[in-house]
Structures are given as C-alpha cells and as structure tokens.
Amino acid sequence: MSEDQSFMLDGRRVPFQDGQTVMTAALAAGIYIPHLCFNPEFAPHGSCRVCLVKVNGRVQAACATPAASGQIVQNETGELREIRRGILQMLFVEGNHVCPACEKSGACQLQAVAYYVGMLAPHYTHFYPRRPVDASHPEAVIDFNRCILCELCVRASRDVDGKNIFAVQGRGIQAHLVVNTTSGKLGATDFSLADKAAQVCPTGAILTKHRGYEIPIGQRLYDRKPISVVGDVATVAESKGGRRHE
Amino acid sequence: MSEPKVKIATCSLAGCFGCHMSLLDLDERLFDLAERVELDRSPLTDIKELSDCDLGLIEGGVCNAENVHVLMEFRARCKILVAIGACALNGGVPAMRNQFDLKDCLEESYLRGIGLVNPQIPNDPEIPLLLDQVHPLHEVVKIDYFLPGCPPSADAIWTFVNQLLSDQPLALPYTQIHYD
Ligand code: SF4
Ligand code: SF4
Ligand code: FES
C-alpha cells in the first residue's frame, strides 16, 4: 500500500487507503457527500442513489465506488444537487411522509438530506400507497409508510444482532419491508430496543414507543444546523437527539 | 408618484388556516407590507370575487369540487401562483384520509361515530362533493413557487415575499426551510 494514494474531490486532494470507497475516504477527510442507505458501520448497499457523484465524468454512487488514484470526483455541483433533489422527491412521493404528524420530524435523516439539497416541494405526483402501521411490539412501532427500503435495519438485524428480523420482499415498485414471522408482526419477534436494528433507521419508520415529540421544535437534531455539520442520526447519541445508544 | 401596489389574493382550501395565522404573525411588518401590496380576495378582506392579481397565495390541498374550482380560478387570474404550507405541497394531514376509501371515511364519521343522533351522510346540494382523494395543488394546476412548512414561519413568509417582490433570486436560509 502506498502512502500517497489520493484522488481529487471538488478540487481538494483526498487521501485514501486500500479498501476505501469514495464515500469512506471523503468522510475520513471531513467532506460530506449526501447519503441515506450508507452507514460507515455496514457494507455498502447502493440502493438509495442519493450519494451520486461524478467520477471522471461518469455518474456513480460514491458509497459503492472504490477509491482509486487519480480519480477526479465532483460532489457539490448544481447538476448533482438537482439529480439528488429529484431522487429525494421520488422517495417522498413513493411513501407517505406527513412530517407534521411524524415523531421523527426534526431528527429525520431523509428530511435533513432533503433540506440539504434544497428540496422545497415533492414536485412529482404522489402515490399515496396504502401501507400498514405495526404497533404489535410493546416497545417499538413500525410505520411502513415512512420506509425508504435502505435495508439498514435488515443489515443490522442480520449482521450485528444475529436475529434476521427484517427483509425486503418483492421487486421494483412492489418491493416492501417485511418482518420475518408467520404473522408478519414485530410483536412476534425477539426484537429489542437494545438491538442495533433499533438504532439505524434514517427515517421515522422504526420508532421507540412512549417517547414521541420529546424535544421541542427549534432544539431538534437538524433544526439549527444542516446534516453536513451535525452528522447522521445513527451516529449521534440518543442524549443528543440521535439514535445511537451510549 | 408612488409605485402601483402589488395585488395579492390569498385563500385556504383543504387547510386549517394555520398558514394565514402565520401570515398575521408578521406583526408590525404587516404595516410595511401594506405599503407595498393591496389585498384582493382573501379571508382577511372578505372580498368574494377574485379579480386579476399579481400574486396568489394558496394554503391547503384540494379535497372537494369547490377547491378545484377556486384553484382553477386563482390560476386563471393570478400571474404568479404560490403553494404555501405542507397541505398545499403534499396534501398534508388531510391527505391521511387517502389511506381509506371515501365511503369508509364518511361512514365512520357520520354513521358509526360515537354519540350520533339520527346518523346520516350529509348530501345537501350546497355542500361541495368530496374528491375520492386529497391532492396537493401542483397535481391540479401549474404552481410557480412552493413554500414549505406547517405552517411556514412568519420569517420564512417574510423572506419569501420580500425576495419575490424585489425580483431577487429566492433563497431561504437553512432555519427557514422545514416541513413541519
Ligand atoms: S420519516 Fe422523515 S420525511 Fe418521513 S414523515 Fe417522518 S420526518 Fe417526514
Ligand atoms: S425501516 Fe428504516 S432502516 Fe429499515 S429499510 Fe425502512 S427506512 Fe431503512
Ligand atoms: S448512500 Fe450510496 S446509494 Fe445510498
């Protein structure tokens, strides 16, 4: 491994080590690339496409592109901002995101990334899908209306908790999150709030019961500073308004 | 001679008037605004007939036939049409009824509701017919600008209106963009 491997990101030299992606190298250098399905603790998933950057002129997912010497990477350009905004808008109309009625509002990564890319409105025609809410578990609730299929809960439950509670079923527009039990109910699993899977959801799809709207508007995680400064909800401690257990 | 005043119309469709309350939250800035604008049809003036306007501000989504009618009239008469607030942008809380069939919503409210006397579904011809789903404004007419928030804060409205009236590029500071 050579010591001086690097690529250029928006005119800045970014060093990297073997095995790093454009995303992880940028993160280590303190550069924010918007993302939703990426979490540094897990193998890349490449599903949300929010992290699109231009690598040597070609649009690629930063979280799934291995860093290589001499790459010219563009991140903060008007064109990419517009593509990302379009992706965010599609994520919003595909589900049911009533932020004023969502306990995660203000500390939601989906919302924060949408603010970051300057999304003012969803632009597209809303699907208004009919999806259930599962409140069968004594401590947690799943609102499938807010799931963006990032599979972070799937990965966390399978790879860290060893419980394999979640899965994505179906293809294309039919794809949806399921709970791996005969009844399909979370209450029938051994899911626990101590699980890693309870700490990684970037949206308000997985929520802890009995703790709604605890932090006043104006003091929530992303109320005053953008996600590029604050960091991901999964990396911020619960006591600071994030999801990570201390 | 002073400049002619900008003519503004406002209305609330399937909203809660929260966005209009936020407009009133401009407080003393309303005096400044009144120097520059003239209100046409608006719940604040009680003028019923809309005339040709420079700017139309609409709160709320579209949930019934009358909403559609009013929205089309605003589009026809306003040079610039702005969707204000969560409901106008994505249907908001009223659109949560889209999870259910309209028939079930009506029956739940008017036939099965607790403590109802003489339960019946209202069908007076004066009452606008409900649409089967609630929709945001941009799914019905072209919208020129969007201002998110539930409601947008008075500060956000102030920034927006000032930038628009002075032909500046629209750019809200981070703390003034929120969806709730
Ligand atoms: S999950 Fe996030 S984007 Fe969706 S309704 Fe909740 S706060 Fe809004
Ligand atoms: S529930 Fe949350 S973590 Fe799981 S796939 Fe949906 S959005 Fe991702
Ligand atoms: S963060 Fe890279 S595709 Fe989701």
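As the structure is a prediction and not an experimental result, all values here were calculated from the model. (Residues numbered from 1 in each chain as written. Chains lettered and ligands numbered in written order. Predicted model: local features only at pLDDT ≥ 70, side-chain atom pairs only at ≥ 80, totals over all residues. Heavy atoms only, no water.)

Draft legend 1. Representation of the interface of chain B and chain A. Each partner contributes residues to the interface: chain B has 28 residues there, and chain A has 32 residues. Of the roughly 2200 Å² buried between chain B and chain A, counting both surfaces, carbon and sulfur atoms make up 58%. When residues of chain B are sorted by the area they lose upon contact with chain A, B:Gln99, B:Tyr174 and B:Tyr179 head the list and together hold 36% of the total. For the pair chain B and chain A, the number of links is two salt bridges. B:Asp180 is paired through a salt bridge with A:Arg220; the nearest N and O atoms lie 2.8 Å apart. Of all the secondary-structure elements, those providing two or more residues to the side of chain B that touches chain A are helix 4 (86–90) and strand 6 (130–135) of chain B. (Contact = heavy atoms within 4.5 Å. Buried area = accessible area lost by both parts, 1.4 Å probe. Salt bridge = Lys/Arg side-chain N within 4 Å of Asp/Glu carboxyl O. Helix = DSSP H or I, 4+ residues; strand = E, 2+ residues; numbered from the N terminus.)

Draft legend 2. Quick peek at unusual backbone geometry. Residue and element names in this part refer to chain B. The amide bond that connects Cys-150 to the next residue, Pro-151, takes the cis arrangement and shows omega of -10 degrees. As for its placement among the helices and strands, Pro-151 is situated in the loop between strand 7 (145–147) and helix 6 (154–165). Within the chain, Asp-167 stands out as a residue other than glycine whose phi angle is a positive 55 degrees. Assignment of secondary structure puts Asp-167 in the segment after helix 6. A relative accessible area of 72% means that Asp-167 is categorised as exposed. (Buried < 20%, exposed > 50% of the residue type's maximum accessible area, 1.4 Å probe, protein only.)

Draft legend 3. Up close: the environment of A:Glu103. All names here are of chain A. Relative to the helices and strands, Glu-103 resides in the loop between helix 2 (78–94) and helix 3 (109–116). Taking the C-alpha atoms as reference, Glu-103 lies 30 Å from Ala-61; in sequence the two are 42 residues apart. Apart from the residues lying within four places of it in its own chain, the contact partners of Glu-103 are Arg-146, Leu-207, Gly-212 and Tyr-213.

Draft legend 4. Focus on the sheet that holds strand 7 of chain B. Residue and element names in this part refer to chain B. One open sheet holds the five strands; their spatial order is 2-1-3-5-7, and the pairing between them is parallel. On the outer flanks of this sheet lie strand 2 (37–39) and strand 7, each paired with one strand and no other. Strand-to-strand twist in this sheet, taken as the mean axis angle between neighbours without regard to direction, amounts to 30 degrees. Note that strand 3 (residues 53–59) and strand 5 (residues 78–84) share six bridges and pair parallel. Directly across from Cys-53, in strand 5, lies its bridge partner Cys-78. With respect to the sheet, helix 2 (residues 29–36) is in contact with strand 1 (6–12) and strand 2, its orientation differing from that of strand 2 by roughly 95 degrees. Strands strand 1, strand 2, strand 3, strand 5 and strand 7 of the sheet are contacted by helix 6, whose axis makes an angle of about 160 degrees with strand 7. (Pairing = 2+ DSSP bridges. Axes fitted to C-alpha atoms, helices over the stretch in contact; angles between N-to-C directions.)

Draft legend 5. Highlighting the nonpolar core. The biggest cluster of nonpolar side chains holds 89 residues, and the ones touching the most others in it are A:Phe7, A:Ile33, A:Leu36, A:Leu88, A:Phe166 and A:Phe191. With residues near it in sequence (within four places) discarded, A:Phe166 still touches A:Ile142, A:Cys153, A:Val154, A:Ser157, A:Leu177, A:Val178, A:Val179, A:Asn180, A:Leu186, A:Phe191, A:Ala197 and A:Ile206. Counting 20 residues, the second-largest nonpolar core is a separate cluster that includes B:Leu71, B:Cys78, B:Leu89 and B:Leu137. (Core = buried A, V, L, I, M, F, W, Y, C linked by side-chain atoms within 4.5 Å.)

Draft legend 6. Local environment of the domain arrangement of chain A. Residue and element names in this part refer to chain A. Domain boundaries in chain A define domain 1 (12–80) and domain 2 (103–239). A C-alpha centroid distance of 23 Å is found between domain 1 and domain 2. Listed by partner, the interface residues are 15 residues for domain 1 and 19 residues for domain 2. Contact between domain 1 and domain 2 buries roughly 1400 Å² in total, counting both sides, with carbon and sulfur atoms accounting for 62%. The three residues of domain 1 that bury the most area against domain 2 are Tyr-32, Leu-36 and Phe-42, which together make up 48% of that side's buried surface. Across the domain 1-domain 2 interface, the total number found is one salt bridge. There are eight residue pairs in polar contact (both at pLDDT 80 or more) connecting domain 1 and domain 2. In the side of domain 1 that touches domain 2, the residues fall into nine nonpolar, four polar and two charged. (Domains from an automatic or database assignment. Polar contact = N/O pair within 3.5 Å; in protein donor to acceptor, adjacent residues only side chain to side chain. Nonpolar A, V, L, I, M, F, W, Y, C, P; charged D, E, K, R; others polar.)

Draft legend 7. Just a nonpolar patch on the surface, in detail. A contiguous nonpolar patch, built from B:Met21, B:Leu24, B:Leu39 and B:Leu44 and spanning about 330 Å² of accessible area, is present on the exposed surface. In this structure, B:Met21 sits in helix 1 (residues 18–24). (Patch = residues over 30% accessible without salt bridge, like charges linked within 9 Å, V, L, I, M, F, W, Y side chains within 5 Å. Areas by Shrake-Rupley, 256 points an atom, 1.4 Å probe, with all protein chains shown as cover.)

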